[in-house]
Amino acid sequence: MEEVLKPDLCVIGAGSGGLSVAAAAAQFGVPVVLIEKGRMGGDCLNYGCVPSKALLAAGKRAEAVRTASNFGIDVIEAQIDHRGVHDHVHGVIAAIAPNDSIERMTGLGVRVIQASASFLDKFTVEAGRVLVRARRFVIATGSMPSIPPIPGLDEVPYFTNETIFDVSERIQHLIVLGGGPIGLELGQAHRMLGSHVTIFDTASLLANEDPEAARVLMKRLEDTQVVLYPNTRVERVERSVQGVGVHFHKDGETTIIKGTHLLVATGRKPNFKSLSLDRAGVDFTDEGIKVNEQLKTSNRRIYAIGDVIGGPKFTHLANYHAGIVIRNALFRLKPDVSAAAIPRVTYTEPELAQIGLTEDEAHKRYRRRSIRIYRWPYADNDRAQCERETEGFIKVITRPDGTIVGCTIVGAEAGELLQLWVVAMARDIKIGDLTSLVLPYPTLSELSKRVAYTYYLPTLTKGWLRSIISFLRRLG
């Protein structure tokens, strides 16, 4: 006999967005049911953000050993224990997992059901032997790897981000299909851990990022012998003696590269096929579930958040969506999901961070004379010189009055440096206001203050004024 539950809120999916909604609602005293068919914590904890950054951290340690001679330290080549790296990655997952666990959710008063969910009608979800008739539903089922229709791909073994973190031995030659953040992060991590790496993409690598910043990263990858094939069409894949052969078309010729392992990182697609959304009256396309500014679907009782609605696929965006749902569903407020500028970071070495518009996007949105572009190089930062991290720059795009519309940073700790610009854009702080900050010396954070000073330089036509500004910049 099926159990029938009638909570105020039913959340489908226990990834970052779903967990945030369930935990917040429960702490406000709302009866909540949370349904998850897979691992608690979803993609981010188990297959995405957390394990990839842990793997990169291991790779960076190995790279630090290789480059220690730059600091006058002679060391033996890094000896990498790949089983140890595997255990490190999974140890990090295990350390964070209690925050996302069934026990924690249950302790907050959430009823957790471990089963696949499917709508029976506009008001009812079936999960295992439980029927849930909630006042409101939140779909937070995330996304899954998108596999391209390349001939032969279904006949060879390949990794996705959901399987590659189970590897516990050295990969001799990793071929990566996809030059976005996932492909580049995992490709570089394995290169730093001793693998040969080749990366293909049908478009430019990091095609959605600032091209000037992307070139800095591409140069670093090429300098470390990562082989890059941008704007290249893979024609077919086949098994080979070594493992896998990739046939591709480049400059009018068809060539083959053979590797031991293949990683498919060609993007992600929303995960909702098993939900029977048509029964619930929820409109969707192949790109995702359709929602309005408050993240309501065509069935006003049902919200959808995170990767499942398409668009940018970031954990922090799903968490932002969760806050919008809580404010709307519980307090009848109407925050607008389109109101925020969402930051993003590619956690390679060097990192590439972005908030707001890129330079190209700003040129398209505004007339060329309606924007100002300011740059400052890492090489002119004293801390960057001390750390020998002089590759990269910060670029800020503003309107003529100093209103910040975008910031691009490529270089060491770019993701951390971006935080100041996230706050500035969120609070409508103009670039000139940042010159009054007192920042500790020597830190990379001074890059932000230095680039802010350049806002005033075009207006200084008198030489003595320029000298004063130059003197003040040297003082920090």
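Residues numbered from 1 in each chain as written. Predicted model: local features only at pLDDT ≥ 70, side-chain atom pairs only at ≥ 80, totals over all residues. Heavy atoms only, no water.

### Here's the deal with the packing of helix H1 (residues 16–27) against helix H9 (residues 315–331)
For the pair H1 and H9, the least separation of the axes is 8 Å and the interaxial angle reads 35 degrees. Where H1 crosses over H9, the handedness of that crossing is right-handed. Contacts between H1 and H9 involve Ser 16, Gly 17, Ser 20, Val 21, Ala 24 and Ala 25 on the former and, on the latter, Thr 315, Ala 318, Asn 319, Ala 322, Ile 326 and Leu 330. (Axes fitted to C-alpha atoms, helices over the stretch in contact; angles between N-to-C directions. Helix = DSSP H or I, 4+ residues; strand = E, 2+ residues; numbered from the N terminus. Left-handed = near helix turned anticlockwise from the far one by under 90°. Contact = heavy atoms within 4.5 Å.)

### Considerations on the side chain of Ser 240
Structurally, Ser 240 is set in the loop between strand E13 (233–239) and strand E14 (244–250). With relative accessibility at 18%, the residue Ser 240 sits in the buried group. One polar contact links the side chain of Ser 240 to the main-chain amide nitrogen of Val 244, over a distance of 3.2 Å. Those residues in contact with Ser 240 that lie beyond four places of it in its chain are Gly 245, Lys 258 and Gly 259. (Buried < 20%, exposed > 50% of the residue type's maximum accessible area, 1.4 Å probe, protein only. Polar contact = N/O pair within 3.5 Å; in protein donor to acceptor, adjacent residues only side chain to side chain.)

### Some details on the packing of aromatic side chains
Under the counting rule described, the total for this entry stands at eight aromatic pairs. With a centroid separation of 5.4 Å and 70 degrees between ring planes, the pair formed by Phe 119 and Phe 137 is classed as edge-to-face. In this pair, Phe 119 sits in strand E5 (residues 117–119) while Phe 137 sits in strand E8 (residues 136–139), placing the two residues 18 residues apart along the sequence. For the pair Phe 200 and Tyr 229, a centre-to-centre distance of 5.0 Å together with 10 degrees between the ring planes defines the contact as stacked. Of this pair, Phe 200 sits in strand E11 (residues 196–200) while Tyr 229 sits in strand E12 (residues 227–229); the two residues are 29 residues apart in sequence, bridging distant segments of the chain. The cationic tip of Arg 399 hangs over the ring face of Tyr 366; the distance from NZ or CZ to the ring centre is 4.1 Å. (Phe/Tyr/Trp six-rings, centres within 6.5 Å; stacked < 30°, edge-to-face > 60°. Lys NZ or Arg CZ within 6 Å of the ring centre and 35° of its normal.)

### Regarding the pairing of strand E10 (residues 173–177)
Most of E10 is tucked away: five of the five residues are buried. Of the two faces of E10, the one carrying His 173, Ile 175 and Leu 177 and the one carrying Leu 174 and Val 176 are both buried. For E10 and E11, the ladder comprises five bridges, and the chain directions are parallel. When the bridges of E11 are listed, Val 176 appears paired with Ile 199. In this structure, E10 lies alongside strand E16 (residues 261–264), joined through four bridges in parallel fashion. Across the sheet, residue Leu 177 finds its bridge partner in E16, namely Val 264. (Pairing = 2+ DSSP bridges.)

### With respect to the sheet that holds E5
In spatial order, the strands read E1-E7-E6-E5; together these four strands make up an open sheet with mixed pairing. Only two strands of the sheet have a single neighbouring strand rather than two, namely strand E1 (3–5) and E5. The sheet shows a mean angle of 25 degrees between the axes of neighbouring strands, direction not considered. Pairing of E1 with strand E7 (residues 130–132), which is carried by three bridges, proceeds in the parallel orientation. The residue of E7 that forms the bridge with Glu 3 is Val 130.

### What about empty space enclosed by the protein?
The tally for this structure, following the rule as stated, stands at two cavities of 30 Å³ or more. The calculated volume of the largest cavity comes to roughly 140 Å³. Around the largest cavity, the lining is made up of 14 residues, and of these Leu 55, Val 85, Val 167, His 190 and Leu 193 lie nearest the centre. Looking at the lining of the largest cavity element by element, the count peaks at four residues for helix H4 (residues 82–96). Grouping the amino acids of the lining of the largest cavity by side-chain chemistry returns eight nonpolar, four polar and two charged. The computed volume of the second largest cavity comes to approximately 40 Å³. What lines the second largest cavity is Pro 145, Asn 161, Ile 182, Val 264, Ala 265, Thr 266, Gly 267 and Arg 268. Each residue belonging to the lining of the second largest cavity can be placed in one class, and the counts come to four nonpolar, three polar and one charged. (1 Å grid on protein atoms, 1.4 Å probe; cavity = no way out; pocket = protein on both sides within 12 Å on 5 of 7 lines; lining within 4 Å. Points joined across faces, edges and corners; volume = space filled by probe spheres on them. Nonpolar A, V, L, I, M, F, W, Y, C, P; charged D, E, K, R; others polar.)

### Structural notes on the layout of surface pockets
Considering only enclosed or pocket space, the second largest pocket measures out at about 900 Å³ in volume. Forming the walls of the second largest pocket are 31 residues, and the residues nearest its centre are Lys 60, Arg 220, Glu 349, Glu 389 and Ala 412. At the level of secondary structure, the elements contributing two or more residues to the lining of the second largest pocket comprise helix H3 (49–66), helix H6 (181–192), helix H11 (382–387) and helix H12 (414–426). Here the lining of the second largest pocket gets five residues from one element, more than from any other, and that element is H3. Along the lines of polarity and charge, the residues of the lining of the second largest pocket split into ten nonpolar, seven polar and 14 charged.

### Section: the environment of Gln 172
Position of Gln 172 relative to the elements: it lies in the loop between strand E9 (143–145) and E10. Along the primary structure Gln 172 and Ala 14 are separated by 158 residues, whereas in three dimensions their C-alpha atoms are 35 Å apart. Here Gln 172 is in contact with Ser 195, His 196 and Thr 260, once residues within four sequence places are set aside.

Bear in mind that shape data such as this cannot, by itself, settle questions of function.
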